[in-house]
Amino acid sequence: MRLFPIAAALTLAACGTAQSPQYFVLPDSQYIRPAAQGSEIAVKVNLAEPLASGGLVYQTDAYHVNLAKNHLWAAPLDGALAANFSNKLNRLNPRHTFVPASRSQSGQTLKIYVEAFQGSYQGQTTVSGYALWPDGRNKPFDVTTPQQGDGYTAMLKSLENGLNEAAKSIAY
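Rules used throughout
Residues numbered from 1 in each chain as written. Predicted model: local features only at pLDDT ≥ 70, side-chain atom pairs only at ≥ 80, totals over all residues. Heavy atoms only, no water. Phe/Tyr/Trp six-rings, centres within 6.5 Å; stacked < 30°, edge-to-face > 60°. Helix = DSSP H or I, 4+ residues; strand = E, 2+ residues; numbered from the N terminus. Buried < 20%, exposed > 50% of the residue type's maximum accessible area, 1.4 Å probe, protein only.

- As recorded in an unreviewed UniProt entry, the protein goes by the name ABC-type transport auxiliary lipoprotein component domain-containing protein, listed as coming from Neisseria sicca ATCC 29256.

Here's what the structure looks like:
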């Protein structure tokens, strides 16, 4: 008879167990230095406050965003985006060699300000912000891409498509 309350307590405790975190890698975020190209430009990414939390961001309605507590970036998002943008810009613009700022000694810096990098209740993702080139040129980007399927993996695939378009908007 005494075992029943103990077994019930253990069963209920198991129901309240917190979900273990899942870590996500941003596609194309392993920097690959290209073969000899032009002058080096450091790429520094600055994130809007909600994006720097470490968790993936999802907009739940017109007024709210959810900062995931158990769906986290495997590496700091600013560094992953700097590598991602560097790789994409190296493929788009052979006149320069783009290098994440953490690995560069260049005095020239391309500053990319990311204001939105999130999924949405509307079935799409948003990548928006602007880039400030060393010569002062300002290149905005605001890309919305449809999400194919549900879940965070589908969201990341859509965000990667948005990053491809954002890099094209930044490049010149």
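## A look at the packing of aromatic side chains
Phase 1: Applying the stated criterion across every chain, the model contains 5 aromatic pairs.
Phase 2: Taking 5.9 Å as the distance between ring centres and 50° as the angle between the ring planes, the aromatic pair formed by phenylalanine 24 and tyrosine 152 counts as tilted. Of the two residues, phenylalanine 24 sits in strand S1 (residues 22–24) while tyrosine 152 sits in helix H3 (residues 152–170), which places them 128 residues apart along the sequence.
Phase 3: Under the relative-accessibility criterion, tyrosine 152 is labelled partly exposed at 21%.
Phase 4: With 6.1 Å between their ring centres and 55° between their planes, phenylalanine 85 and phenylalanine 141 make a pair best called tilted. Here phenylalanine 141 lies in strand S8 (residues 138–146) and phenylalanine 85 lies in helix H2 (residues 77–92), a separation of 56 residues in the sequence.
Phase 5: Overall, phenylalanine 141 belongs to the buried group, its relative accessible area being 3%.

## A look at unusual backbone geometry
Phase 1: For aspartate 28, which is not a glycine, the phi torsion comes out positive at approximately 60°.
Phase 2: By secondary structure assignment, the location of aspartate 28 is in the loop between S1 and strand S2 (39–47).
Phase 3: Looking at aspartate 28, the relative accessible area reads 23%, which means it is partly exposed.

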